[in-house]
Each structure stands twice: as structure tokens, then as C-alpha cells.
Amino acid sequence: MKEIDWSKLGFHYTEPDFIVRSAYHDGAWEEPYATKDKYLHLHVSATCLQYGQEAFEGLKAFRGVDGKIRIFRWRENAKRMARSAEGLYMQPVPEELFGKAIRLALEKNMDFLPPYGTDATLYFRPLLIGTTPRLGVGPGRDFEFIVIPSPIGPYYPGKFHCTTFVVNRHVDRAAPYGTGTFKVGGNYASSFRATEPAHAQGMDCLFLDAKYHRYIDECSAANFIGIKKSTNRYADRAQTATLTDLSTIEYLTPRSSAILPSITNDSLMTLAKDMGMKVTRRHIRLEELEEMSEAAACGTACVISPMSKVIDPENNKIYHLGDEPGPVLTKLYHALRDIQFGRAEDKHGWCDVIDD
Ligand SMILES: *Cc1c(COP(=O)(O)O)cnc(C)c1O
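These remarks concern the structure in this document. (Residues numbered from 1 in each chain as written. Predicted model: local features only at pLDDT ≥ 70, side-chain atom pairs only at ≥ 80, totals over all residues. Heavy atoms only, no water.)

## Comments concerning the overall build of the chain
Part 1 of the reasoning: Counting its regular elements, the chain contains seven helices and 18 strands.
Part 2 of the reasoning: The C-alpha radius of gyration computed for the chain amounts to 21 Å, which stays within 12% of the reference 21 Å derived for 356 residues, consistent with globular compactness.
Part 3 of the reasoning: Seen along its three principal axes, the alpha-carbon backbone of the chain occupies a region of about 60 × 50 × 35 Å.
Part 4 of the reasoning: Out of the 356 residues belonging to the chain, those deemed buried represent 55%.
Part 5 of the reasoning: If you take every contact in the chain between residues at least 6 apart in sequence, the share linking residues at least 24 apart comes to 74%.
Part 6 of the reasoning: Accessible surface, the chain: about 16000 Å² in total, of which carbon and sulfur atoms supply 50%.
Part 7 of the reasoning: When the 43 basic and 46 acidic side-chain charges of the chain are each reduced to a single mean position, those positions are 3 Å apart. (Helix = DSSP H or I, 4+ residues; strand = E, 2+ residues; numbered from the N terminus. Rg over C-alpha atoms; globule rule 2.2 N^0.38 Å. Buried < 20%, exposed > 50% of the residue type's maximum accessible area, 1.4 Å probe, protein only. Contact = heavy atoms within 4.5 Å. Areas by Shrake-Rupley, 256 points an atom, 1.4 Å probe, with all protein chains shown as cover. Lys, Arg positive; Asp, Glu negative; His and termini not counted. Charge placed at Lys NZ, Arg CZ, Asp CG, Glu CD.)

Here is the structure:
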């Protein structure tokens, strides 16, 4: 076993032993292979460097309470990466190859899979880049698919807590019908000038739709969820949703042509429906935060990151959502994590269980 102090493992990158690679040349993918070499021999004119032909993914493997390893919904990540690839004129990675590469990355780095009880997980970062040298503007014909594993510590080392979010009307993450629905590095690079100043103040960013700056889009790496009492639309937000009757509770998430379809959001929507909540995807005005009892960002990294407040500096407005995570989001958070760690029945067949 590796000498890793799992309790000290922060929520950051730890270098694994092996990465997995597979190149696409002359119309064919090579068999994925594991290597300790973390450097690429890349032409300076490669289309990933010149024109941003790059897409990535993020998924996790969990050591369960029963000692078994579970990889969560990797086929959804494979499908999403194929969509991102098509969106950037790249060769999609076949689902089977994607799965093989993840399995190989896991097998070769078993020492880095955190034991059950540490709340740490083994994160996989699949990456697809265009490698054809090309100075004339256009897409390449050659690609490289890489899987980088990394053990990561718990997102909430202490207790599940809230974060303050800030709206920035001077920076848009992605344009309507732009690349917002693809998981591409360019979306991140272009939002750093909003996210970095926010992070420096201990906050996260909430982006609005780029056309009107009226509707909630998403966060830089996470979708938005709002919780509302559906029977009483204009209920005072102090009237916190209770868990006595979940059928009166509405799970809201934005409809937009600029947001990434989050697999965590999809899973939480399914669980919310299972619990009897009403799940609605529609345009959500920023001011509707006033009518919500709870709100959060959601993604693979954090699962759920509840919002304590949302600051809208241009309008001199603060939406208060509560200093502690609310009951509905807390219930959803535990429900999903219990499935991932094998503590609850996986009714929807989300986990690939692997014996080692
Ligand atoms: C990765 C990502 C998410 C979260 O997606 P998950 O599949 O839940 O991890 C949300 N928004 C953006 C912009 C992302 O890049």
C-alpha cells in the first residue's frame, strides 16, 4: 500500500503512478496503454495548442462500505465526451475504448484508491486533444486520448457547509449556442477572470445567461439547483422547506443553451423525483432566488455545494439562503453519496461494481 496519509489528502491533484494513453492516427485508435511518463511529445503547431481543440471529463471511483469498487456512471461521461468532441470537430472516443482506459487507469493505480471511511475518492480526468500540426486555421486529423487519475480528499473535510456566490455581469462564461454545452478547456480559461477574483475572496461565481443577464445559467464547473415550495410560489424564504411532505417541494434547474449537462444534476433530479418532489427545468430569473428556500451548485467534485447567499454587486442586492445547508439539499446529498459508497441500493444501475 502507498504511504498516503488519506486524512491529509486535500482537494487537489496528487500525481498517480500511471496515466493511460491512446492516439488516433490514420483513422484508427491505438490500444490504450499505461505509462509513467506524464509528458507529451507534441508538435508546437498542434491544433489543441493553436486553436483550443481540447475537451475533458471528470468522474470518480469509490471504495464502498462492502469493500467493492464502484465507478459512477462512466458511460454518461463517455457519451458527453463524444458530444464535446463532435462540438469541436474532433474524433469521438468510442465508449468501449473510454471504459477500457478508465479500467486500466484504475488497475494500474490501485494503491491510489482511497480506503472506505476516508471520504476520499479516485478521480479520473479523461482528456482529448487535437495533435495534428497545423498553422492554417482548421481542425486536425490526429488526436490523443489520455486518462489522468488522481486521489482526491473530501470536498467537505469538516462538515457539509455553505459557500457565498457572486454574480458577475462583466464576464460571461459561454454564449447561447456557443460551446457552453461542451466540456472544453476554453470555457474555463475564459471564465478565470471572473472566478479567480471571486475565489480570492472565498466566493464562487454564478453566471447569468449571456444574452439578457436575466436568467441563471450555471457556475464555472457546476450546475445550479434551486429548492422551492411549489404550492406557495411566493412563500417567504424564511419559511424553510421541511421534509414532512416532499410532494410540495420543487427542484428547479435552468433551461439554457449555454450550460453543461451535469451528470450529478441528472442523478439528483432522478433522486428528487424518486422522493416525490416536482422537478422542473426552465428559465429561472435571478430574482427568483428570493422565493427559494435553498439553492446550490452541483457537480462531480462537490456533489452539492449549498449557497449561503448570492451577491449581485451591480444591483447592490444580496439574496440570503441560509447559513447552513437546508434539509432538502442535505437529504439529496446523502442519498447520492450513499449510492456511490454502496450504502444504499443502486436502483438505477449507476455504479459499475468492480471486484479487485
Ligand atoms: C463538469 C461541469 C459540470 C458538472 O458536471 P458533472 O457531470 O456533474 O460533474 C457543470 N458545469 C460545467 C461547466 C462543467 O464543466
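Let's pick the thread back up.
## A word on the environment of Val93
Part 1 of the reasoning: In this structure, Val93 sits in the loop between α2 (74-87) and α3 (95-108).
Part 2 of the reasoning: Sequence spacing of Val93 and Leu128 is 35 residues, and the spatial spacing of their C-alpha atoms is 8.2 Å.

## Some thoughts on the pattern of salt bridges
Side chains that differ in sign of charge can pair as their charged atoms come close.
Part 1 of the reasoning: Following the criterion strictly, the structure yields 21 salt bridges and no others.
Part 2 of the reasoning: The shortest N-O distance in the salt bridge between Glu290 and Lys317 comes to 2.7 Å. Remark: Lys317 occurs in strand β17 (residues 317-320) and Glu290 occurs in the loop between β14 (278-282) and β15 (294-299); sequence separation between them is 27 residues.
Part 3 of the reasoning: The partly exposed category is assigned to Lys317, whose relative accessible area is 29%. (Salt bridge = Lys/Arg side-chain N within 4 Å of Asp/Glu carboxyl O.)

## Digging into the packing of helix α6 (residues 263-274) against helix α7 (residues 327-340)
Part 1 of the reasoning: Two numbers describe how α6 lies on α7: the axes approach to 10 Å, and their chain directions differ by 110°. In terms of orientation, α6 and α7 fall into the roughly perpendicular class. Contact with α6, carried on its side by Thr264, Ser267, Leu268, Leu271 and Ala272, involves Leu332, Ala335, Leu336 and Ile339 of α7 and no other residues of that element.
Part 2 of the reasoning: A breakdown of the residues in the contact of α6 with α7 according to their chemical character gives seven nonpolar, two polar and no charged. (Axes fitted to C-alpha atoms, helices over the stretch in contact; angles between N-to-C directions. Parallel < 35°, antiparallel > 145°, perpendicular 65-115°, else oblique. Nonpolar A, V, L, I, M, F, W, Y, C, P; charged D, E, K, R; others polar.)

## A word on the site of the ligand
Part 1 of the reasoning: Lining the immediate environment of the ligand, one finds 15 residues, of which Lys183, Tyr188, Ser262, Thr264 and Thr300 sit closest.
Part 2 of the reasoning: In the model, a nitrogen atom of the ligand is placed 3.3 Å from a nitrogen or oxygen of the Ala222 main chain.
Part 3 of the reasoning: Side-chain polar atom of Ser262 to an oxygen atom of the ligand: 2.6 Å apart, as the coordinates give it.
Part 4 of the reasoning: In isolation the ligand offers 390 Å² of accessible surface; the protein chains occlude 96% of this area.
Part 5 of the reasoning: Looking at side-chain class alone, the shell around the ligand contains five nonpolar, six polar and four charged residues. (Near = heavy atom within 4 Å. Polar contact = N/O pair within 3.5 Å; in protein donor to acceptor, adjacent residues only side chain to side chain.)

## A word on the packing of aromatic side chains
Part 1 of the reasoning: This structure, assessed with the given rule, holds 13 aromatic pairs.
Part 2 of the reasoning: An aromatic cluster is present here, built from Tyr155, Tyr156, Phe160 and Tyr333 joined pairwise through their rings.
Part 3 of the reasoning: The lysine or arginine in question, Lys108, covers the ring of Phe18, its NZ or CZ lying 5.0 Å from the ring centre.
Part 4 of the reasoning: The ring of Tyr212 has Arg214 sitting right over it, with the charged end atom 4.7 Å from the ring centre. (Phe/Tyr/Trp six-rings, centres within 6.5 Å; stacked < 30°, edge-to-face > 60°. Lys NZ or Arg CZ within 6 Å of the ring centre and 35° of its normal.)

## Structural notes on the side chain of Arg169
Part 1 of the reasoning: Turning to its location among the elements, Arg169 is positioned in the loop between β9 (163-167) and α4 (185-189).
Part 2 of the reasoning: With a relative accessible area of 19%, Arg169 lands in the buried category.
Part 3 of the reasoning: Of the polar contacts made by the side chain of Arg169, one reaches the backbone oxygen of His213; its length is 3.2 Å.
Part 4 of the reasoning: Beyond its immediate chain neighbours, meaning those up to four positions away, Arg169 contacts Leu208, His213, Leu286, Asp312, Glu314 and Asn315.

## Concerning the nonpolar core
Part 1 of the reasoning: Grouped together as the largest cluster of nonpolar side chains are 37 residues, with contacts concentrated most on Phe98, Leu106, Phe124, Leu128 and Phe145.
Part 2 of the reasoning: Sorting the residues of this core by element identifies β1 (19-25), β5 (59-63), β6 (69-72), α2, α3, β7 (121-130) and β8 (143-152) as the ones contributing at least two each.
Part 3 of the reasoning: Ranked by residues supplied to this core, first place goes to α3 with seven residues.
Part 4 of the reasoning: The residues touching Leu106, leaving out its near neighbours within four places in the chain, are Ala61, Ile69, Ile71, Leu113, Leu122, Phe124 and Ile354.
Part 5 of the reasoning: Met269, Ala296, Val328 and Cys351 belong to the second-largest nonpolar core, a separate cluster that totals 29 residues. (Core = buried A, V, L, I, M, F, W, Y, C linked by side-chain atoms within 4.5 Å.)

## Considerations on α7
Part 1 of the reasoning: In a regular helix each residue adds 1.5 Å, so 14 residues correspond to 20 Å; α7 covers 20 Å between its end C-alpha atoms and thus fits that length.
Part 2 of the reasoning: By the burial criterion, the buried members of α7 are Val328, Leu329, Leu332, Tyr333, Ala335, Leu336, Arg337, Ile339 and Gln340.
Part 3 of the reasoning: Of the residues trailing α7, Gly342 is marked for its positive phi of about 75°. (Expected span 1.5 Å × (residues − 1).)

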